[in-house]
Amino acid sequence: MTTTLSAPSTTTAPETQATMTPRLWGVLAVLCAVLFLDGLDVSMVGVALPSIGAELGLSTTSLQWIVNGYVLGYGGLLLLGGRTADVLGRRRVFLLALGVFAAASLVGGLVDDGTLLIVTRFVKGLAAAFTAPTALSILTTTFHEGPARNRALSVFSVFGASGYSSGLILGGLLTSVGWRWTFLIPVPLAVAALVAGIALIPRDEPAAGGGHDLAGAVTLVGGMLLTVYTVVSAPDRGWLDPVTLGSAVVAVALLAGFVLVERRVAHPLIRLGILRVGSIVRANLSMVALFGSYLSFQFMMTLYLQDVLHWSPLRMALALLPAGLLVAFGSPFVGRLIDRHGTARLIVASMLSMSLGYGWFLLTAGSAPHYLVAILPTMLLLGGGFAFGFSSIMAQATDGVADDEQGLASGLVQSSGQVGAALILAVVTALVATGGTGTGDFTQFHPGVNLVTAVAVVGLALSLVPVLARPRGKHA
């Protein structure tokens, strides 16, 4: 579930208009379709994981790479994607990346090897890292600032959340027929969006100057991939195994290299000085807690409901749908609440709702969680928490940031959420893999739920800092 913000360009396309015309509605439809596909793909594949594991003989450890391959590809290159669009041209980058997304979807639906499937997911994540920020940049440069742009942004945001919710149901239906359809259905949709984009999206000129930070991108993605691999493989190999220790050392070296590159390169992915702003750091950590705990909990529930309880994919999707519906229908109203109460209080409310959701589940789940008693209340609390939190965290992450660094700030918090979620999911997977051997109950998942609960509680504690420190009567 990804709605990415990027820096709007200061130059507008030749076909920019102040009022909505049929052509502008067509451009907006293309951009919304791509964002919808992103959310649809994430949730559809999540529903299909148990079926994929059964057919391809993949363990829980391997299945998490189908999720994390996409997340790491997306989060690792998100900042580079926005910059590339500025340098090479938004239209060109958007259409090329959309074509790669369609091709990777097709290959993923045809392969019979788990490793190749994971590779296609990583490639799709890379493609999304370029389509998502570029789509918003095209939107902000195609629609004049004012009512037309505000309306376009509102429609654009709703499509991201509704894509995720729709993917749960569509994923359940398609997986009942065959999991490969969850990969193949996005292909014609992406191709249709590509053809329409070629016809409708206005041409733009690349930036006159600037450059890429390829070294930063390679060291960041390489370091994160190796970190996740180390955490996931360590329970089987042993934490003191030479391979585990060696991969950990290389991962640390790559991440240290990333920091060094960012300090010296002319056009860094991340200007490290922005991390000295306390509100921005808290926003990034809050996004890690929000997205990391939510994604990991859904991963565990997907496996439990289908593998342990043997629920059909559609029944499982319907069980998790309440959270997605709250996100889809609640997110558009959060802006008004931010204006009235400020971001800090809404983030506290979000993390409190998430913490209560996980806490309630721990209290009521036992070895066989009852849907109405344990699962449904938890999904309602999580959906409400996510709806409140995502937009509020994004607003806090960009509040007070100079116009020329808005893209950096918004891209940074999105990347933090994706990469942080990958690390939390890796640890959760390791805990689940060592928590039991599939005894027919929920026991083996308890260590993972304990971890996501702890992550949410830490996020709540961090979000309380500015609220408790602020004088009474003021809000962010």
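On a predicted model such as this, the values are computed, not experimentally measured, just so you know. (Residues numbered from 1 in each chain as written. Predicted model: local features only at pLDDT ≥ 70, side-chain atom pairs only at ≥ 80, totals over all residues. Heavy atoms only, no water.)

Help me understand the overall build of the chain, please; the structure alone is not making it clear to me.
Along the backbone of the chain there are 16 helices and zero strands. Looking at the 476 residues of the chain, the share that counts as buried comes to 56%. When contacts within the chain are restricted to residue pairs at least 6 apart in sequence, those whose partners lie at least 24 apart make up 84%. Accessible surface computed for the chain: about 18700 Å², of which carbon and sulfur atoms make up 67%. (Helix = DSSP H or I, 4+ residues; strand = E, 2+ residues; numbered from the N terminus. Buried < 20%, exposed > 50% of the residue type's maximum accessible area, 1.4 Å probe, protein only. Contact = heavy atoms within 4.5 Å. Areas by Shrake-Rupley, 256 points an atom, 1.4 Å probe, with all protein chains shown as cover.)

Would you explain the pattern of salt bridges in this entry?
A side chain with one charge may pair with a side chain of the opposite charge, provided their charged atoms come close. Applying the stated rule across the entire model yields four salt bridges. The closest approach of N and O atoms between Asp-41 and Arg-121, which form a salt bridge, is 2.5 Å. Remark: Arg-121 occurs in helix α4 (residues 114-142) and Asp-41 occurs in helix α1 (residues 22-56); sequence separation between them is 80 residues. Comparing Asp-41 with Arg-121, the two get one shared label, buried. One salt bridge connects Asp-112 with Arg-180, and the closest N-O pair in it is separated by 2.4 Å. Taken together, the residues Asp-112 in the loop between α3 (90-110) and α4 and Arg-180 in the loop between α5 (147-177) and α6 (181-184) connect sequence positions 68 residues apart. Judged by relative accessible area, which is 60%, Asp-112 ranks as exposed. Residue classification places Arg-180 among the buried residues on the basis of a relative accessible area of 17%. (Salt bridge = Lys/Arg side-chain N within 4 Å of Asp/Glu carboxyl O.)

Just checking my understanding: could you explain the nonpolar core for this structure?
Generally speaking, soluble globular proteins have nonpolar side chains that are buried together. Ile-52, Ile-66, Phe-297, Met-301 and Phe-361 are the most contacted members of the largest nonpolar core, which totals 103 residues. The element best represented in this core is helix α10 (residues 278-308), accounting for 16 residues. Apart from the residues within four sequence positions on either side, Phe-361 is in contact with Phe-297, Met-301, Pro-369, Ala-374, Ile-375, Thr-378, Phe-442 and Val-449. Counting residues in each nonpolar core, the second largest holds 28 residues, with Ala-127, Phe-143, Leu-174 and Ile-201 among its members. (Core = buried A, V, L, I, M, F, W, Y, C linked by side-chain atoms within 4.5 Å.)

Without other data, these values stay purely geometric and don't point to any function.
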